[in-house]
Structures are given as structure tokens and as C-alpha cells.
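What follows is the residue order along each chain.
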Amino acid sequence: MFFIIVVSFCLISAVVQTELVMDSWYVAAVYEHNLILNPEPDVPLSRLDALQHMQKNLDIYEEQASQAAQQGAQILVFPEDGLHGFNFSRSSISGYLETIPDPQQESWNPCTEPGKYNNTEVLQRLSCMARRNKLYLVANMADLQPCPLKTDPTSSCPSDGRWQFNTNVVFRSDGLLVARYHKHNLFFEQSFDTPPQPEIITFDTPFAGRFGLMICFDILFHKPTVALVEKGVRQLIFPTAWMNLLPLLDSVQFQQAFSLGANVTLLAANLRKDQYNMRGSGIYTPFSATYHHAQKGDPEEGRLLVARVPVLDPLWVGKSVTTKEGVVRSESTSSTATDSGFCHQENCSDSPPPENASSVPPSSATFISSMMFDPFTFVLLNETEGKVNVCNGTFCCHLQYRWLPQGDSKELYALGAFAGTHTVDGRYALQVCALVRCAGLDASSCGQEVEEAESKMDFLLEGKFGTRYVYPSVLASKMVLEQPEHLETAADGRVTMKHSNMTGGLVSACLYGRMYHLDNE
């Protein structure tokens, strides 16, 4: 959540079907790509062989760009690693590298000026793809930059004397290269370097204003992601190669959670590779979600998503936005405003405050179980309705619930709390409240991966957080997202999520707090 408050507002209820009644819209597309992999990424290829491999993926991109344009898309996003793949060494990726000029330093249209630079065949084809289909195009590729960097001439060079970056490129609808972003938060990517300084990169469009760029693991960190939002950027581009991790960090689950918590539009394009558990893409706003998450056993194939999206750039939208349900949000026209989509208690007179779940005393029968490789403190839900509290150290989570079992199903649920530093596959500080379905009927199974559930739940989940960055999610059976009925925050850091009338069984409900300021401690 982001609370640089300029104008207070109240968003009482937002459901997936909600449509905004407003003048400024655009059409966005994301493509979940069934990547054609290099079967031996550790073996170096010649430039010609690497190009032949990438052309196979580019052929698919061409088909999807044409389909997106036919559906009116003005911007199209492809996933991370979608052209070359992954698991390369620093040397074996060399044939895939192209030197990408900095659009902030020079103007270049690879499609109309193909002879300006050598070894830029991929850039040329992407540029012509954007130009031919008259849309903005975002793709991810491997960039080679000589030392020293023009943008940071004092930085030390890698030992082999060159920089290799995981890179987003953006082309204007006429093919002009308008943005280049180097991924900052790498995830076990031996072939790439971390840039000497985090890059905060945006680009402007004539149809929706400003967009910001990030890649995959970046979404969990302050820079560049939160830094972009704190600058007032409310439309983010998110190419990713996301390996799903239940019960709290499935792809679409966290994509929607970030959109809700940060009050932004997120255009998320993932890969589809079942052997790596990569799937799940979407187009998210604080009011809606258009997403796809393949189920086990579904054909392994790509998926193009196209959606009509409201403009959220504060320099573009008017001072009031009205939904079909009549809920009014006041928007600021200041580019520094980054209001959250949560209801501020003192400004929500039309909505009676929910009963305070924290009034119940702490539950005594707690236990520790690992969830997401972190030691959560849990308490079981032993009644069909009631209130429970659980604390992990001084951080406490509160739940008021009504459990609606379906048929003869027997399922076990628990409320978990964690406050500390996650240290597996990355290091970052958290405060998390999570209501989860346990994998079995034994307490030791609580926190394990679960994809399906039958029991529905009406609940109010609450925690008092030491951060304003909290990302809410409700995940139903078979990877179905539900939009929380009510979200609010209080001045003391208390965050409340209320939900009822679920369409499917509850897998997890989560308030995922990121303590960015403690990441380096």
C-alpha cells in the first residue's frame, strides 16, 4: 500500500465485473508464451545458431502481435526470457546478446535504420513488428554493454570487461526504440550482471500517459518497483518468468495483490513452461482482473489476453471517477500522488466499520509450521464460526470467520502469522497474516501447497503492520482470484480485509506486508 496522501477517498467495494464510467480508456494485451527452449543452454552457440533459435520464438511473437492489433490493442507485452530462454552461463549466452543503445541518449528506429548498428537483428524485427501492427511493444532480451558504461562511467567493470543485462525494450507504434530497462533484482541468473545503480525507467504514450518498467523478481523489492509508484507512476509493465509457489506467491495471486495494494495497473506477461511450474498472466487494475492461469493437464500452449483498461496516469485522468455502483473515488491530478485503493477509516462514513477482530484474546493452542520456507505461528480454526488471534513475536493477526463447509468434505484451516526476514531464494523482510487451507487433516500440513478447496469462508482478516506496503489477496480453488469486498487501513497501521459470498472454496487469504526498510538488516 502506498499512502502519500494528497486527496482522501473511499473505495467501498470493487469486484472483478466492475466497470469504470470514464472517458479515458486504452486497450492492452499481454501474451503468455510457450517458450521454445534451447535444450542445451550451457553450450555456447554461434551468433547464427542463436539467431535461428530466437527467430522461432519471434515467429510466434509476430502471430500474436497481429492478433493483438486485430483486437485493437495499443500496447502489447511479452514475457521475460521469451526469446532466448534461461539457465545459460555467462559465456554460453554470448551468441544471444545484442548491444541496445540508450534511448535517453540517442534516437533510433531499428526498422527504418537497420544499417546503423551491426548484430541487431532481434531489435530490428521487434521494431518492425511494432511498426507493422501500429502498437507499442514491450519485449525482453539480453543486452551487451561495453565497459565503462556510458550511463555510469565510474563503475567497476566485470572481470571479463563487459556488462550483460536482462533487459526490457519498448518500441513506439512507429518502431522507434523509446525505453530500455536493465533488471536490478536478479534471481539466480548467472548469465547477467546487476546494474551498478538501480534504473527507474518510464516511457510516455499518447493513449494512456506514463508507464514504468520492471522485470519478475523486481516486484518484491523497493527499487525499482515501489520507487516508480512513489514517483506517481500508476501503470506498470511486468514481463516475468515466474515459478509459482503456493500458498502465498502464485503468479496471478501476487500480480493482483500488488495491483490492489499499490493501487496501480499491472500488465503481467509470464512464460508457460510446465516443467518449471511457470504459468499465469494478466491485466490488472484496482477495479478488475483479466487473467489466465492454466490448470494441471491443460494443453501447454500460449495465451493472448486483451482488455480495455482505464487510464490511471494522474496527469491524464479527471478529478472524479465513478463506478457503475456509484462509488466515487477522488483522484489527484498531481504526479506525486500515490494514493492507495484502500478506504481510510475516518473518510468512510457510508460504510459502518467492521467489528474489531482484535478484541478477542490471543489463542493459546498455537504451533509452528513452515510456510513458504518461513516459520509461521499458526492457530487452527476448530469451530464453524468464531474469532481467533495469533502472534509471531509482537506481530499479531486477527480473524473473525464463518466457515461454510460444502457437503461431506473434511478440510482443515489455520490462521498464520510471520514477522521476520525471508532468507530462501532471496532475502527480504516480511509481516504476513494468512488464512490457509491445510494440505491434510493434521496440523503439520498447514502451510503446504494446496491448489483446491471446497469450504467457503466469510471472514474479516486484520493485522497491525509496521509498514504501509501491504498486498492483499483472496485465492479460491483452482487458481481463481476473488476481489476482496472491503479493504481499509487505519492511521495506526491496522489493515483490514473483509470478504464473503465466495464463488469457490478458499485456498488462502493473505495480507502480505513488505518491510522494505529492514531488507538490509
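Heads up: these notes are all about the structure in this document. None of these values were measured; they are calculated from a predicted model.

Right, let's get into the packing of aromatic side chains. Under the criterion given, the structure shown has 28 aromatic pairs. Linked through ring pairs, F238, W242, F254, F258, Y471 and Y512 together constitute an aromatic cluster. Seen from the ring of F221, R514 lies directly overhead, with NZ or CZ sitting 5.7 Å from the centre.

Pairing within the open sheet is mixed, and its six strands lie in the order 6-5-4-3-2-13. Every other strand in the sheet has two partners, leaving strand 6 (177-182) and strand 13 (303-310) as the edge strands with one partner each. Strand-to-strand, the axes of this sheet are offset by a mean angle of 30°, without reference to chain direction. Note that strand 5 (residues 162-171) and strand 6 share five bridges and pair antiparallel. Bridge pairing in strand 6 links T167 to H182. On the sheet, helix 2 (residues 121-133) packs against strand 4 (136-146) and strand 5 and is oriented at approximately 160° with respect to strand 4.

On to the pattern of salt bridges. Going through the model one piece at a time under the given rule, you end up with 22 salt bridges. Put simply, E189 and K183 hold a salt bridge, and the shortest N to O gap is 2.6 Å. Taken as a pair, E189 and K183 share a single burial class, namely buried. The salt bridge partner of D492 is R494, with a shortest N-O separation of 3.1 Å. A single salt-bridge network, built from bridges that share partners, covers D59, E62, R125 and R132.

With respect to the element layout, M54 can be found in helix 1 (residues 47-70). Considered as a pair, M54 and G85 are 31 residues apart in the sequence and their alpha carbons are 9.1 Å apart. Sequence-distant contacts of M54, that is, excluding residues within four places in its chain, are made with R47, L83, H84, Y96 and V122.

I75, F203, F254, L381 and F459 are the most contacted members of the largest nonpolar core, which totals 104 residues. Considering every element that reaches this core, the biggest residue donor is strand 22 (residues 428-437), with seven residues. In terms of domain composition, this core takes at least three residues from each of domain 1 (25-317) and domain 2 (366-518). Ignoring any residue separated from it by four or fewer positions in sequence, one finds F203 in contact with I75, Y136, V138, V170, V178, A179, G209, R210, F211, L213 and I237. In this structure, M54, A73, L123 and L135 belong to the second largest nonpolar core, which totals 37 residues.

What follows is about the state of the cysteines. With the rule as written, the count across this model stands at four disulfides. Each sulfur in the disulfide pair C111 and C128 lies 2.1 Å from the other. Given an S-S torsion of about 105°, the disulfide between C111 and C128 has right-handed geometry. With a gap of 17 residues between them, C111 in the loop between strand 3 (75-77) and helix 2 and C128 in helix 2 connect regions that are remote in the sequence. For C397, the disulfide goes to C433, at an S-S distance of 2.0 Å. On the S-S bond that ties C397 to C433, the torsion sits near -85°, and the link is left-handed. With C397 in strand 20 (residues 395-404) and C433 in strand 22, this residue pair connects regions lying 36 residues apart in the sequence. On the basis of relative accessibility, which here comes to 0%, the residue C433 falls in the buried class. C510 takes part in no disulfide bond, and the closest cysteine sulfur to it belongs to C433, at a distance of 8.1 Å.

Before going further, it helps to examine the sheet that holds strand 21 (residues 413-422). Read from one edge to the other, the open sheet built from seven strands follows the order 17-18-21-22-28-24-25, with strand pairing classed as antiparallel. With partners counted over all chains shown, the strands left at the sheet margins are strand 17 (366-371) and strand 25 (480-481), one partner each. As judged from the two bridges shared by strand 24 (residues 470-476) and strand 25, these two strands associate in the antiparallel manner. Bridged to L475 within strand 25 is L481. Sheet strands touched by helix 4 (residues 251-262): strand 24, strand 25 and strand 28 (506-514). Its angle to strand 24, the strand with the most contacts, is close to 140°.

Thresholds applied
- Residues numbered from 1 in each chain as written.
- Predicted model: local features only at pLDDT ≥ 70, side-chain atom pairs only at ≥ 80, totals over all residues.
- Heavy atoms only, no water.
- Phe/Tyr/Trp six-rings, centres within 6.5 Å; stacked < 30°, edge-to-face > 60°.
- Lys NZ or Arg CZ within 6 Å of the ring centre and 35° of its normal.
- Pairing = 2+ DSSP bridges.
- Helix = DSSP H or I, 4+ residues; strand = E, 2+ residues; numbered from the N terminus.
- Axes fitted to C-alpha atoms, helices over the stretch in contact; angles between N-to-C directions.
- Contact = heavy atoms within 4.5 Å.
- Salt bridge = Lys/Arg side-chain N within 4 Å of Asp/Glu carboxyl O.
- Buried < 20%, exposed > 50% of the residue type's maximum accessible area, 1.4 Å probe, protein only.
- Core = buried A, V, L, I, M, F, W, Y, C linked by side-chain atoms within 4.5 Å.
- Domains from an automatic or database assignment.
- Disulfide = S-S within 2.5 Å.

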